[in-house]
Amino acid sequence: ARNFACLAFLSVSISRSRHHAVESFSATGQYGDSIKIVGLPGGQIQSLPGMYVKTFRRWIVEEINHDNVECATDGKKSSGSASSLVMEPIYGAGVSDLPYNGGWVNPTTIDELWWPKDLDTLQTRPVLNVLFKSGVLSYVSVGLDVRVPRYKHGQDGIEVISWRNYGMISQPISRIWTSLSIAIEKLFHVEGFILLENYDESKNTQNREVLFPSIDVQAVMQKVVTFVGEVDALSPIGEGFHIVSFPMSNIWVDVPNPELGMRMDEESGETNGATFKIVCMATSEPFATKLLDMDEDLLTMSSTSVLEVVVSRTANGRDSPYLPEPYKELYLS
């Protein structure tokens with residue numbers, strides 16, 4: 001009964017999102033700097049300017065577990081565990097140009113991921129990104145939750161502080177989004193890969209590695225349904241465009257350091273770095289690895305959501321003469 005109710009709810013959302021799509025998105029346009037939207041009726045492709053999307057507010061929804069919760073059933077008290085969904089802003093996303101931005105820069109990026117050299121560790125995990133327009137589900141895409149972990153001792157032991165906005169070009173979004181009707185298909189899943197661009201063919205080094213294995217989307221879609229059911233007129237996502245991220249895993253994966261792949265070129269004597277891309281796909285195709293070599297037009301026809309960013313090491317954050325106040329704790333302490 002619960003699954004039937006969820007499907008019915010999503011069916012209504014799909015119908016409403018199509019209505020909003022006609023109003024808000026262009027069915028034509030150049031895709032060089034645009035985000036493609038696929039999986040639409042009739043195989044049509046819509047687009048949205050990337051610069052415009054970067055102005056959207058962004059949020060992340062975490063599931064918080066509560067132990068020893070007291071409840072009453074048939075007049076008898078009992079205790080157990082429960083969970084709730086908590087929405088938190090990704091600082092700076094969509095508000096960096098506003099007077100109340102607090103000094104945060106906009107972290108949203110589409111084709112790059114910057115990694116300052118004075119940050120030792122960068123971690124990531126897959127998320128499902130949902131685009132809301134005035135509180136209505138519109139489109140779905142694969143995403144990455146990227147953080148710089150910082151550890152401190154608290155009352156309950158070691159606590160982890162997640163710095164998601166550690167500077168510009170730090171929170172990527174997909175370059176291809178898909179429709180809600182595709183996302184509720186039973187085979188819809190997410191996979192992530194690392195593609196090496198300067199790999200050593202003479203040593204038979206693989207040019208692709210698994211970042212995270214296939215993860216089914218249905219469980220996180222249940223969280224999306226629960227979250228939408230709690231959205232009311234006072235919700236901050238009730239007006240305008242918002243990208244809301246729903247984590248698909250509690251396990252964080254270390255992003256490989258591009259500098260570890262440096263090697264000496266025998267002819268030139270220069271040191272070359274093994275730069276790489278992170279590619280994530282949300283698809284109903286059974287094997288996402290086969291999509292990595294697929295032509296762009298065929299990839300679009302498969303209604304697959306694609307995130308693709310080049311990982312680059314950048315200058316030390318602490319050396320910036322214009323380091324905004326919110327980042328001093330991260331880079332200078």
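Criteria and thresholds
- Residues numbered from 1 in each chain as written.
- Predicted model: local features only at pLDDT ≥ 70, side-chain atom pairs only at ≥ 80, totals over all residues.
- Heavy atoms only, no water.
- Pairing = 2+ DSSP bridges.
- Helix = DSSP H or I, 4+ residues; strand = E, 2+ residues; numbered from the N terminus.
- Phe/Tyr/Trp six-rings, centres within 6.5 Å; stacked < 30°, edge-to-face > 60°.
- Buried < 20%, exposed > 50% of the residue type's maximum accessible area, 1.4 Å probe, protein only.
- Lys NZ or Arg CZ within 6 Å of the ring centre and 35° of its normal.
- Contact = heavy atoms within 4.5 Å.
- 1 Å grid on protein atoms, 1.4 Å probe; cavity = no way out; pocket = protein on both sides within 12 Å on 5 of 7 lines; lining within 4 Å.
- Points joined across faces, edges and corners; volume = space filled by probe spheres on them.
- Nonpolar A, V, L, I, M, F, W, Y, C, P; charged D, E, K, R; others polar.

Asks: I keep staring at the pairing of strand β9 (residues 157–163) and nothing clicks. Help me out?
Replies: Along any regular strand the residues' side chains alternate between the sheet's two faces. Pairing of strand β8 (residues 136–154) with β9 involves seven bridges; the strand directions are antiparallel. Directly across from P149, in β9, lies its bridge partner S162. The turn linking β8 back onto β9 is made up of two residues.

Asks: Any chance you could explain the packing of aromatic side chains here in plain terms?
Replies: One pair of aromatic rings is described through two measures. These are the centre distance and the angle between the planes. Going through the model one piece at a time under the given rule, you end up with eight aromatic pairs. Taken together, a centroid distance of 5.1 Å and an interplanar angle of 80° make the contact between Y52 and F56 edge-to-face. The class of F56 is buried, set by a relative accessible area of 3%. A centroid spacing of 6.0 Å and a plane angle of 70° characterise the contact between F132 and F227, whose relative ring orientation is edge-to-face. Here F132, found in strand β7 (residues 123–133), pairs with F227, found in helix α4 (residues 218–230); they are 95 residues apart in sequence, far enough to count as distant. This pair shows no difference in class: F132 is buried, exactly as F227 is. Members of the aromatic cluster, each reached through a chain of ring pairs, are Y91, W104, W163 and Y327. The aromatic ring of W252 is capped on one face by R147, whose charged end is 4.0 Å from the ring centroid. A cation sits over an aromatic face here: R313 above W115, 4.3 Å from the ring centre.

Asks: Mind showing me how you'd approach the environment of R150 here?
Replies: Mapping R150 onto the fold places it in strand β8. Judged by relative accessible area, which is 30%, R150 ranks as partly exposed. The sequence separation of R150 and S162 amounts to 12 residues, and the corresponding C-alpha distance is 6.5 Å. Those residues in contact with R150, other than ones at most four positions away along the chain, are L119, E159, V160, I161, W163 and L330.

Asks: Is there a simple way to explain empty space enclosed by the protein in this structure?
Replies: Think of a ball as big as a water molecule: rolled over the atoms, this probe shows where empty space is left. The final tally for this structure, using the stated rule, is two cavities of 30 Å³ or more. Its volume calculated, the second largest cavity comes out at about 30 Å³. What lines the second largest cavity is simply N129, V130, L131, Y139, V140, S141, W177 and I243. Among the secondary structure elements, those contributing two or more residues to the lining of the second largest cavity are β7 and β8. The residue makeup of the lining of the second largest cavity, split by class, is six nonpolar, two polar and no charged.

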